[in-house]
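Overview (structure and organization)
Given next are the chains, with one letter for each unit.
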Amino acid sequence: ENVLLNGDAPNSIQGLLQLATPFTYTPAATDNYMDVVAQAMGQLMAQGFQVDGVVMNAADYTHARLTKDSVGSYLFLGTGSTGPDDEGIWEPSALVWQVPMVVSPSMPQGQFLVGGFKQSTILFQRETANVQIAFQNEDDFVKNLACLRGELRSGLAVPLPSGILKGSFAGVALSAQTQQQPHHGGAPQKK
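Residues numbered from 1 in each chain as written. Predicted model: local features only at pLDDT ≥ 70, side-chain atom pairs only at ≥ 80, totals over all residues. Heavy atoms only, no water.

Description of the overall build of the protein chain
Looking only at helices and strands, the protein chain has five helices and eight strands in total. Secondary structure of the protein chain in N-to-C order comes out as α-α-β-α-β-α-β-β-β-α-β-β-β. Counting the 191 residues in the protein chain, one finds 31% classified as buried. Across the protein chain, every contact between residues at least 6 apart in sequence was considered, and the portion connecting residues at least 24 apart equals 74%. (Helix = DSSP H or I, 4+ residues; strand = E, 2+ residues; numbered from the N terminus. Buried < 20%, exposed > 50% of the residue type's maximum accessible area, 1.4 Å probe, protein only. Contact = heavy atoms within 4.5 Å.)

Encoded structure:
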């Protein structure tokens, strides 16, 4: 996952963050993380791509989920608030604007990827995941130890880098809230 996102410079492998097209957007004072991601999705759709994935760091995703309006109501509830009392607070698979989300510890905090991944990337697999276990290494059997070896041979190709946007949350206030004011009825009060 880390190599696919960040590449592997010693082995001359570029990751999605090096290959993706930079998303430039100047957020408004009231924009939150969800607004910035939506703007990136809109830009990709305007270019003819079908957005099918978003990648975020866990801290950024959590911040987006905790954004509130001016009266303290959460803006991004997803489906976690629609079920019975015993339902988990977050969906089993994360969604942003009803698009699948990958929460990755390999994604640098403050950055995100939005992509039409099916249209713009190809993952070639020469060897699928292969895990082997052995107990015969020196005295592993006597010491109740096991040796594990895992291999996977694959390569990522990005024939259409314009189908993936990498963006930043720089300039988005951590306490951004909508400017909706609660309506209590009656005439406006003078201050």
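That covers the picture; the talk isn't over yet.
Observations regarding the confidence of the model for the protein chain
On average, residues of the protein chain score 81 in pLDDT, and 81% of them reach the 70 mark or higher. Long-range and interchain partners of residues 176–191, a stretch whose pLDDT sits below 50, account for 19 contacts in this model, where long-range means more than four residues apart. (pLDDT = per-residue confidence, 0-100.)

So, the sheet that holds strand E3 (residues 95–96)
Taken together, six strands build an open sheet; the order of strands is E1-E8-E5-E2-E4-E3 and the sheet is mixed. Single-partner strands in this sheet number two, and they are strand E1 (21–22) and E3. Inspection of the sheet shows E3 paired to strand E4 (residues 99–103) by two bridges, in the antiparallel sense. Bridge assignment links Val-96 to a residue of E4, and that residue is Val-99. Lying over the sheet, helix H3 (residues 33–46) contacts strand E2 (53–56), E3, E4, strand E5 (111–115) and strand E8 (164–168), oriented at roughly 35° with respect to E5. Along the sheet, helix H4 (residues 58–65) makes contact with E2, E3, E4 and E5, crossing E4 at roughly 130°. (Pairing = 2+ DSSP bridges. Axes fitted to C-alpha atoms, helices over the stretch in contact; angles between N-to-C directions.)

Here we look at the packing of aromatic side chains
Within the structure shown, the criterion is met by four aromatic pairs. On the numbers, 6.0 Å between centres and 15° between planes, the contact of Phe-23 with Tyr-25 is stacked. Note on Phe-23: relative accessible area 10%, which makes it buried. Assessed through its relative accessible area of 30%, Tyr-25 is described here as partly exposed. Linked through ring pairs, Phe-23, Tyr-25, Tyr-33, Phe-112 and Phe-169 together constitute an aromatic cluster. (Phe/Tyr/Trp six-rings, centres within 6.5 Å; stacked < 30°, edge-to-face > 60°.)

Here's the deal with the environment of Arg-126
Tracing the backbone through its elements, the reader meets Arg-126 in strand E6 (residues 122–134). With near-sequence residues (within four places) excluded, Arg-126 lies in contact with Arg-153 and Ser-154.

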